[in-house]
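Residue-level listing of the chains:
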Amino acid sequence: MMANIKYPLIDIIAGARPNFMKIAPIIRAMQVWQQSGGGMRYRLVHTGQHYDARMSNDFFVQLGIPEPDANLGVGSGSQAEQTSAIMVRYEKLLLDQCSDLCLVVGDVTSTMACSIVAQKMGVKVAHVEGGLRSGDWSMPEEINRMVTDAITNYFFTTSEAANQNLRRSGIPDERIFFVGNTMIDTLLANMDRLRPPVFRDELGLETGQYFVVTLHRPANVDETSQLQAMLMAIGNGCRDLPVIFPVHPRTAKTMREMDGLPDNIKLVEPQPYLEFNYLVKHAKAVITDSGGITEETTVMAVPCLTLRDTTERPETVVIGTNELIGTDPTGLKPALDRLFAGEWKQGDIPEKWDGKAGERIVTVMEQLFDQFNV
Ligand code: UD1
């Protein structure tokens with residue numbers, strides 16, 4: 001899409017899988033806004049941090065996200081390699097055509113890298129999902145959140161906990177907009193479209209009679225011994241029920257060196273959005289080290305066991321169905337025993353997780369351009 005000189009141009013940045021479901025409702029709301037005569041324009045920038053069909057393109061197709069206007073094509077690399085490649089290429093894009101606002105989402109490397117470049121080029125930054133904190137500096141995502149939020153002008157937040165974190169760090173209320181959760185917008189918009197993966201019948205998956213597992217954090221998957229111990233505890237703790245494990249590319253590398261797994265663990269490719277959330281919706285429970293999935297399970301009222309010691313999303317524990325089990329594999333069995341005994345909490349849905357965050361963000365951006373001449 002070409003920028004219209006008269007109208008403000010917003011860069012919408014997406015780089016890795018968990019970004020795609022967060023940008024989809026914002027782009028949809030922008031399109032509705034434009035169709036009704038609104039003047040803001042956007043440029044969708046894909047950094048290329050995730051590039052496989054299964055990690056990227058499948059999500060664009062299923063969620064109806066348009067082709068990116070720019071693809072920076074950075075690909076794999078260490079944290080520093082990815083960060084620097086994104087920065088150099090995004091700077092070039094801004095030099096070719098500058099934008100008026102850089103909208104970043106979530107906490108991935110692309111989020112941080114683009115926000116630094118934009119702010120140094122005099123482009124204001126808005127952060128969707130700003131203010132989340134796990135307090136765990138060993139997670140690259142926590143560094144990304146802290147750096148991004150330190151140079152963000154406008155915060156679009158998902159929770160009161162995030163608002164409080166921002167206030168505590170001295171951000172005035174005028175820069176904090178509690179809009180709700182765009183990831184949940186996407187989930188609610190697609191709930192009726194969820195569909196079973198091809199292997200459902202082959203594996204005999206019945207509602208409430210199988211588990212879903214996802215693992216990709218360095219603390220769980222980079223050491224063969226830790227990953228093996230975790231998968232043994234999962235396989236045994238889930239008794240005889242099938243455990244569907246879509247294997248993240250990072251995890252696949254470590255799995256090649258492993259000796260064998262409990263028979264009930266079924267390895268599958270990373271799943272597209274509609275199939276993955278179908279699996280989650282009908283599962284007995286999810287076992288994960290992801291952050292976003294703890295929000296989706298909360299909304300679908302599916303029990304979630306998180307294999308981390310901290311969370312940046314405390315409402316999924318306090319209000320929702322999530323529980324922090326930790327990274328010690330011995331913590332799993334007692335939790336699974338409680339689940340099998342029917343003693344898991346019911347949970348509720350956090351405030352403003354109602355499917356309207358994307359619309360609220362577009363409304364606020366319009367006001368920002370009007371009031372503050374962003
Ligand atoms: C990244 C995000 C994390 C997010 C996760 C979801 C950061 C710091 N982390 O972690 O917040 O939850 O994505 O997936 O940004 N790879 C492929 N195909 C792809 C993409 C990656 O094979 O399409 C490989 C890479 O070559 C690399 C590994 O997967 O070896 C990890 O990818 P990377 O982008 O470094 O980070 P993630 O661990 O996926």
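Just so we're clear, the structure is a prediction, and the values are computed from it rather than from any experiment. (Residues numbered from 1 in each chain as written. Predicted model: local features only at pLDDT ≥ 70, side-chain atom pairs only at ≥ 80, totals over all residues. Heavy atoms only, no water.)

**Focus on empty space enclosed by the protein**
Going by this rule: Two kinds of site are reported from a 1 Å grid over the protein atoms alone, namely cavities, where a 1.4 Å probe fits but cannot get out, and pockets, open sets with protein on both sides within 12 Å along at least five of seven lines, and residues are called lining when an atom falls within 4 Å of a point. Grid points are joined across faces, edges and corners, and a volume is the space filled by probe spheres set on the points. Gly counts as polar in this scheme, as do all residues outside two lists: the nonpolar Ala, Val, Leu, Ile, Met, Phe, Trp, Tyr, Cys and Pro, and the charged Asp, Glu, Lys and Arg.
Counting across every chain of the model gives one cavity of 30 Å³ or more. Put simply, the largest cavity is a space of about 30 Å³. Surrounding the largest cavity, Lys22, Val128, Glu129, Thr158, Gly180, Asn181, Thr182 and Met183 form its lining. Class assignment of the residues belonging to the lining of the largest cavity gives a composition of two nonpolar, four polar and two charged.

**Observations concerning the packing of helix α3 (residues 79-96) against helix α4 (residues 109-120)**
Let me state the cut-off plainly: Working convention: axes come from line fits to C-alpha atoms, limited for helices to the stretch in contact. Angles between N-to-C directions cover 0 to 180 degrees. Helix numbering and strand numbering both begin at the N terminus, where a helix is a DSSP run of H or I of at least 4 residues and a strand a DSSP run of E of at least 2. With respect to orientation, any angle under 35 degrees is reported as roughly parallel, any angle over 145 as roughly antiparallel, any angle of 65 to 115 as roughly perpendicular, and every other angle as oblique. Each crossing gets its handedness from the near helix: less than a right angle anticlockwise from the far helix is left-handed, clockwise is right-handed. Between two residues, a contact is recorded if the distance between any of their heavy atoms is within 4.5 Å.
One can describe the packing of α3 onto α4 by two numbers: an axis separation of 9 Å at closest approach and a directional angle of 40°. The orientation of α3 relative to α4 falls into the category oblique. By crossing handedness, the relation of α3 to α4 is classed as right-handed. Together, Gln79, Gln82, Thr83, Ile86, Met87, Tyr90, Glu91 and Leu94 of α3 and Thr109, Ser110, Met112, Ala113, Cys114, Ile116, Val117 and Ala118 of α4 make up the contact between the two elements. Of the residues contributing to the contact of α3 with α4, the split by class is ten nonpolar, five polar and one charged.

**A short note on the sheet that holds strand β10 (residues 265-268)**
Put simply, the rule reads: We call two strands paired when DSSP finds no fewer than two bridges between them.
Overall, parallel pairing links the six strands, which are arranged β10-β9-β8-β11-β12-β13 in an open sheet. Whereas interior strands pair on both sides, the edge strands pair on one side only; in this sheet they are β10 and β13 (322-324). Strand-to-strand twist of the sheet, defined as the mean angle between neighbouring strand axes without regard to direction, takes the value 20°. Sheet analysis places strand β11 (residues 285-288) next to strand β12 (residues 304-306), joined by three bridges and oriented parallel. Bridge pairing in β12 places Val286 opposite Cys304. Where helix α11 (residues 273-281) meets the sheet, its contacts fall on β8 (211-214), β9 (243-246) and β11, and the angle it forms with β8 comes to roughly 130°.

**Things to note about the site of the ligand**
To keep things clear, this is the line we draw: A cutoff of 4 Å decides nearness: a residue is near a molecule or strand if any of its heavy atoms lies inside that distance of it. In protein, a polar contact means a hydrogen-donor-capable atom and an acceptor-capable atom, both N or O and within 3.5 Å, with residues adjacent in sequence counting only if both atoms are side-chain atoms; elsewhere, any N or O pair within 3.5 Å suffices. Surface accessibility in these figures is a Shrake-Rupley result with a 1.4 Å probe; residues are shielded only by whichever protein chains are displayed. Grid points define the cavity or pocket, and a molecule sits in it when more than half of its atoms lie within 2 Å of them.
Residues in close proximity to the ligand total 21 residues, the closest being Gln49, Asp52, Ser76, Glu141 and Lys253. Taking Tyr51, its main chain carries an N or O atom lying 3.0 Å from an oxygen atom of the ligand. Look at the ligand: alone it shows 750 Å² of surface, and the protein chains cover 89% of it. Among the detected pockets, the ligand sits in the largest pocket. At the level of elements, α1 (17-35), α3, α5 (140-150) and α10 (249-255) are the ones that each hand at least two residues to the shell around the ligand. Split by residue class, the shell around the ligand holds six nonpolar, nine polar and six charged.

**Regarding unusual backbone geometry**
For Arg239, which is not glycine, the phi dihedral falls at a positive 55°. Tracing the backbone shows Arg239 in the loop between α9 (224-237) and β9.

**Considerations on the packing of α9 against helix α14 (residues 332-340)**
Axis angle and axis distance: for two packed helices, these are the angle between their axes and the distance between the axes, and together they describe the pair. In the contact formed by α9 and α14, the axes pass within 10 Å of each other and the chain directions differ by 25°. By the angle between their axes, α9 is roughly parallel relative to α14. Relative to α14, the crossing made by α9 is right-handed. Here Met230, Ala233, Ile234 and Gly237 of α9 lie close against α14, whose contacting residues are Leu332, Leu336 and Phe340. Looking at the contact of α9 with α14 residue by residue, the class counts come to six nonpolar, one polar and no charged.

**Some words on the layout of surface pockets**
A water-sized probe, rolled over the atoms, reveals where empty space remains. Computed from the structure, the largest pocket encloses a volume of approximately 1,200 Å³. Around the largest pocket, the lining comprises 48 residues; the ones closest to its centre are Arg17, His50, Met55, His216 and His248. Elements with a contribution of two residues or more to the lining of the largest pocket: α1, α2 (53-63), α3, α5, α10, α11 and α12 (292-300). Partitioned by chemical class, the residues of the lining of the largest pocket number 18 nonpolar, 18 polar and twelve charged.

**A short note on the sheet that holds strand β7 (residues 176-178)**
One key point about sheets: their strands pair by backbone hydrogen bonds, in either a parallel or an antiparallel sense. Reading across the sheet, the seven strands line up as β3-β2-β1-β4-β5-β6-β7 and stay open at both edges, with parallel pairing between neighbours. Whereas interior strands pair on both sides, the edge strands pair on one side only; in this sheet they are β3 (70-71) and β7. Bridge analysis of strand β4 (residues 101-105) against strand β5 (residues 124-128) gives five bridges, and the strand direction is parallel. For Leu101, the partnering residue across the bridge sits in β5 and is Lys124. Packing of α4 onto the sheet brings it into contact with β1 (9-14), β4 and β5, and relative to β4 it is tilted by some 165°.

**Describing the environment of Leu203**
Residue placement: Leu203 occurs in the loop between α7 (182-190) and β8. Each C-alpha atom of the pair Leu203 and Ile244 lies 9.3 Å from the other, and the pair is 41 residues apart in sequence. Excluding its chain neighbours within four sequence positions, the residues that come into contact with Leu203 are Pro242, Ile244 and Lys266.

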